[in-house]
Structures are given as structure tokens and as C-alpha cells.
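# Results of the structural survey
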Amino acid sequence: MSVSNVKKVVLAYSGGLDTSAIVPWLKDNYNCEVIAFVANVGQGDEELAGVEEKAIKSGASSCYVVDLREELVNEVIFPTLKTGAVYEGQYLLGTSMARPVIARAQVKLALELGADALCHGCTGKGNDQVRFEGAFAALAPQLKVIAPWREWEFNSRQSLLDYLAEKQIPTTASATKIYSRDANLWHISHEGGEIENPWNEPSEQIWMWTKSPEQAPDQAAYVELSFAAGELTKINGQALGGVAAIELLNEIGSEHGIGRIDIVENRLVGMKSRGCYETPGGTILLAALKGLEALVYDRTSLKYREEVGQEFAQLVYDGRWFTPLKDALLAAATSLAQQLTGDVVIKLYKGNVTVAKRRSPNSLYSEAFATFEGDEVYNQKDAEGFIRLYSLASRIRALHAKKD
């Protein structure tokens, strides 16, 4: 499809500097109608306030704000939690998990409106371009994809500001903004500024949700989470929907400095980047599920779940949500999670998350077997034969070496 054939474009719009500039740029360079699509993924009322008016003033013909919070939680976050997915041992995939939900809704709107192209504001250096375009390819390969950061002449915040000034388009952005942030219901990420140098410790102005552990309460807090087949059902005995549950855990966790990480990660495109992430509610949920897993999974099941989790984390990070492999891995994790029913009490104290109590009707832990006191269920003499068989290969190897 040539530029001249692009008549109507649906743009993933945030109201920030980049997408504000993309709207007039598309009209200048593609001579097309631009429709702004805004995904409400829980980034907060402040981020969404006035976004429709801002899009229209930038030159969009219309603006659609779509609430995707329930889809994000129930179709992506909670299923991913069952896999135990954590990227490179620390990152709880906050930005990554939101992208398939956003991309799918963008494609749906484009097809409903008869658009012939999709547009995003992802840079050519990042992971998000792959995540969005991978989803577009899986869901609507017939639609053209426009990625301005790979086409236009702008190379800095100042050049975008100058362009908007030339077009007489108002913006609240400024050249002094030093951090790039992405927020949704699950987390908020921070990049840029002083943390681009890995020798610099993040200052407190980086963090927006969580108290520093030093400023967190001196009194620990306890939270009880109940699960049925790996699904969160109650917090402190109260049944809550998924969105409300995460919002509550974010509030509690933030107060106690939970969920801060500072990592240097390997991007899909090959470079390393440094990011600071805040995922308070997610950190609590993951700790609780892992505490329950330790009680009910046998050793080989736990090992397999960990393998699934590692593979799933890579899959989500790399933007391969709409693939048969995602379905297969989720099916495996969901099958294992049928055992994950029970209650876990989490202790929160100055940035630390600790499993304080756990119980399950499916528990494999038996005090009768594990006790150091006298028991009548375990014959310690049986261990001798087990050890002889377990070490048989080593014994044979040693005998061969003795002959040599």
C-alpha cells in the first residue's frame, strides 16, 4: 500500500509529546484522516483528563477512549501470574503485558471504522515497536503500519516542540522533562535522566508510587490473600474484582515501600537499557502464589512450572502473545494451578515481602513426616537402600577408575 492509498489511520494516542506531534505529521505526510485511540489501562485519571480535547486540537478527526482494565487484568495479568513469569529474574512485565490488550483494541477499532492503516509512537530503539507490530501482524496483516520514529526527521524533544509550535498546537510538554514513564494498573516504569548512567543511584524524584523503605512505617502490615485454582478470590476475607484487588494491593504495598526494582535489562532489539519499576501489588501477589506453590507442588511440578515461567516471561517480553506457544504454555500453567487453592498471609515491612503463613487443602507438607521428633510413619532405615540406588552410577564410575 502506497502513501497515497492511506486514507484513514488509527493512532495509538497518549496525549504526550510524541503522539501530539504524530497527528499533524501524519496529516502532512500521508494526507489522511487521523483517528486517535486512547487505551485506559489504569494509568490514572490525571493522564486521561482532557485527552479527547487534546487529540482534536492536535488535528485528529475523532478520539476514542476505551476502558481495557478488566481485559488487562483477567485476560493477561492473572493468567500470566499462574506461570510465575518474571523477566531476567526481576521485571514483572508491566509494560509488556499491557501491549497485546492495547494492540488488539486498536485493531478492532480500525476494522470497525474501515481504516486502512495503524500507527504507533514507539521508537526504533525499543521493544514496544515489536510488541505492537507483532500483534498487528497476527490480527490484521492487511493493514499498513506506520511508525513515525522510523521515518521522520525529528531526533529530540526540542525538535518535536518546535514542530508543534510551528503548527500552533498547544502542549503541556517541555524540554526540561527528563524522565520517560509508562503507567498502567500493574506498574509504572521510569527511564532516562540520571539513571541512564548505571553508576548513578536513582534519586527519590524517580519514584512516584511507593514510599522509600526508609520512610515506610515502622510497624509491619499483614495481608491475607485467598486463592482458588490459582485465581485470587479474597483479600483479608473480602471478595474483590480483579481491578479493585490490584488497586488495593498497590495502595497497601506502596505505603510499605514494596515493589521497587532498579535493573539493567536486555532489550529484544539487542541493546541494554536501565529502568526503574514500581510494581507494589504485583510483588505481593507473586510472593503469595509462590508461597502457595511451595506447599502444594511436588518437586518435579515446581521445576516444570519454573521452566514454563521463564519461557513465558521471554514470550511476553518479546511481544509473542498472539501465538500458539502462548496458548500451550498457559494451558500447562493453568493445569498445574488447579492445585493452587489456599490462603497465604504476607508480611510487609520496609520494602520486604515475606510469607508469614500458608495453608491449603492440597498441601503436600506433612508434619508427621517432616518432624524431628519421634514418628511412626517414616522408617529411617529405608533411606539406606534409596541412597545406594541413587548413588549407583557414582559407585560404578569409581569402581572402573579403581581398575584403571
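Anyway, here's the lowdown on the structure attached to this text.

The next subject is the overall build of the protein. The helix and strand inventory of the protein stands at 14 helices and 14 strands. Along the three orthogonal principal directions, the C-alpha set of the protein runs to about 85 × 55 × 45 Å. Of the contacts formed within the protein by residues at least 6 apart in sequence, a portion of 73% connects residues at least 24 apart. When the accessible surface of the protein is summed, it comes to about 20400 Å², and 50% of that surface belongs to carbon and sulfur atoms.

Here we take up a nonpolar patch on the surface. Among the surface-exposed residues, Val-130, Leu-268, Val-269 and Met-271 lie close enough to one another that they form a single nonpolar patch of about 260 Å² accessible area. Its location among the elements puts Val-130 in helix H6 (residues 128–139). Judged by relative accessible area, which is 31%, Val-130 ranks as partly exposed.

Let us now look at the pattern of salt bridges. When the charged atoms of two side chains lie near each other, side chains of opposite charge can form a pair. Counting across every chain of the model gives 20 salt bridges. For Glu-133, the salt bridge identified is with Arg-150, shortest N-O distance 2.8 Å. In this pair, Glu-133 sits in helix H6 while Arg-150 sits in the loop between strand S5 (144–146) and helix H7 (157–166), placing the two residues 17 residues apart along the sequence. Connected through salt bridges with shared partners, the residues Arg-99, Asp-128, Arg-131 and Asp-182 form a single ionic network.

Time to look at the packing of helix H4 (residues 69–83) against helix H10 (residues 299–317). Working note: a packed helix pair is described by the angle between its axes plus the distance between those axes. Here H4 crosses H10 at 135 degrees, and the two axes come no closer than 8 Å. One way to sum up the angle between H4 and H10 is to call them oblique. Mapping the contact onto sequence places Thr-80, Lys-82 and Thr-83 in H4 and Arg-305, Val-308, Gly-309 and Phe-312 in H10. Broken down by class, the residue content of the contact of H4 with H10 amounts to two nonpolar, three polar and two charged.

What follows concerns the packing of aromatic side chains. Applying the stated rule across the entire model yields 11 aromatic pairs. For the ring pair Tyr-91 and Tyr-317, a centre distance of 6.2 Å and an interplane angle of 90 degrees mean the geometry is edge-to-face. Highlighted residues: Tyr-91 in the loop between H4 and helix H5 (94–113) and Tyr-317 in helix H10, separated in sequence by 226 residues. Plain terms: the ring middles of Trp-152 and Phe-154 are 5.0 Å apart, the flat faces sit at 70 degrees to each other, and that makes the pair edge-to-face. Each member of the pair, Trp-152 as well as Phe-154, carries the same accessibility label: buried. One residue, Arg-131, lies across the ring of Tyr-317, its end atom 4.9 Å from the ring centre.

Within the element layout of this structure, Asp-318 appears in the loop between H10 and helix H11 (324–336). Notably, Asp-318 is buried but unbridged: the nearest opposite-charge side chain belongs to Arg-320, and the N-O separation is 4.1 Å. Non-local contacts of Asp-318, meaning those with residues more than four positions away in its chain, are made with Val-130, Arg-131 and Leu-268.

Packing of H4 against H11 leaves a shortest axis separation of 8 Å and a crossing angle of 70 degrees. For the element pair H4 / H11, the angle class is roughly perpendicular. The handedness of the crossing between H4 and H11 comes out as left-handed. In this structure, H4 contributes Pro-79, Thr-80, Lys-82 and Thr-83 to the contact, and H11 contributes Leu-330, Ala-333 and Thr-334. Considered class by class, the residues forming the contact of H4 with H11 number three nonpolar, three polar and one charged.

So, on to the pairing of strand S6 (residues 179–183). Judged from the five bridges that link them, S6 and strand S7 (residues 188–192) form a sheet pairing that is antiparallel. Bridging from a neighbouring strand, Arg-181 pairs with His-190 of S7. Linking two consecutive strands that pair antiparallel, namely S6 and S7, is a turn of four residues.

Read from one edge to the other, the open sheet built from four strands follows the order S6-S7-S12-S11, with strand pairing classed as antiparallel. Where the open sheet ends on each side, the last strands, each with one partner, are S6 and strand S11 (260–266). With direction set aside, neighbouring strand axes in the sheet form an average angle of 25 degrees. With seven bridges joining them, S11 and strand S12 (residues 272–278) adopt antiparallel strand pairing. Along S12, the bridge assignment pairs Ile-261 with Tyr-277.

The rules behind these values
- As a convention, each chain's residues are numbered from 1 in the sequence order in which they are written.
- Residue-level local features of this predicted model are given only where pLDDT is at least 70; pairs of side-chain atoms are given and counted only at 80 or more, and the full residue set underlies all totals for whole chains, interfaces and linings.
- Think of the side-chain values as coming from all heavy atoms in the structure, minus any hydrogens and water.
- The numbering of helices and of strands both runs from the N terminus, where a helix is a DSSP run of H or I of at least 4 residues and a strand a run of E of at least 2.
- Contacts between residues were defined by any pair of non-hydrogen atoms, one from each residue, lying within 4.5 Å.
- In short, Shrake-Rupley with a 1.4 Å probe defines the accessible areas, and a residue's cover is counted only from the protein chains shown.
- Candidates for patches are residues over 30% relative accessible area with no salt bridge; among them, like charges are joined within 9 Å and nonpolar side chains (Val, Leu, Ile, Met, Phe, Trp, Tyr) within 5 Å.
- When a carboxyl oxygen of Asp or Glu lies within 4 Å of a side-chain nitrogen of Lys or Arg, that pair is called a salt bridge.
- Each residue is assigned to one of three classes by its accessible area relative to the maximum for its type, calculated with a 1.4 Å probe on protein chains only: buried under 20%, partly exposed between the two thresholds, exposed over 50%.
- For helices, the fitted axis covers only the stretch in contact; all axes are lines through C-alpha atoms, and the angles between them, taken along N-to-C directions, range from 0 to 180 degrees.
- Throughout, the term roughly parallel applies to angles under 35 degrees, roughly antiparallel to angles over 145, roughly perpendicular to angles from 65 to 115, and oblique to all others.
- The residue classification treats Ala, Val, Leu, Ile, Met, Phe, Trp, Tyr, Cys and Pro as nonpolar and Asp, Glu, Lys and Arg as charged. All others, Gly included, are polar.
- Between 30 and 60 degrees the pair is tilted, below 30 it is stacked and above 60 it is edge-to-face, where a pair is any two Phe, Tyr or Trp rings, Trp via its six-membered ring, whose centres lie within 6.5 Å.
- Cation placement over rings: the criterion is NZ of Lys or CZ of Arg within 6 Å of the ring centroid and within 35° of the ring normal.
- The charge count includes Lys and Arg as positive and Asp and Glu as negative, but it does not include His or the ends of the chains.
- Helix crossings get a hand from a simple test, with the near helix turned counterclockwise from the far one by less than a right angle marking a left-handed crossing and a clockwise turn marking a right-handed one.
- The criterion for strand pairing is that DSSP finds at least two bridges linking the strands in question.

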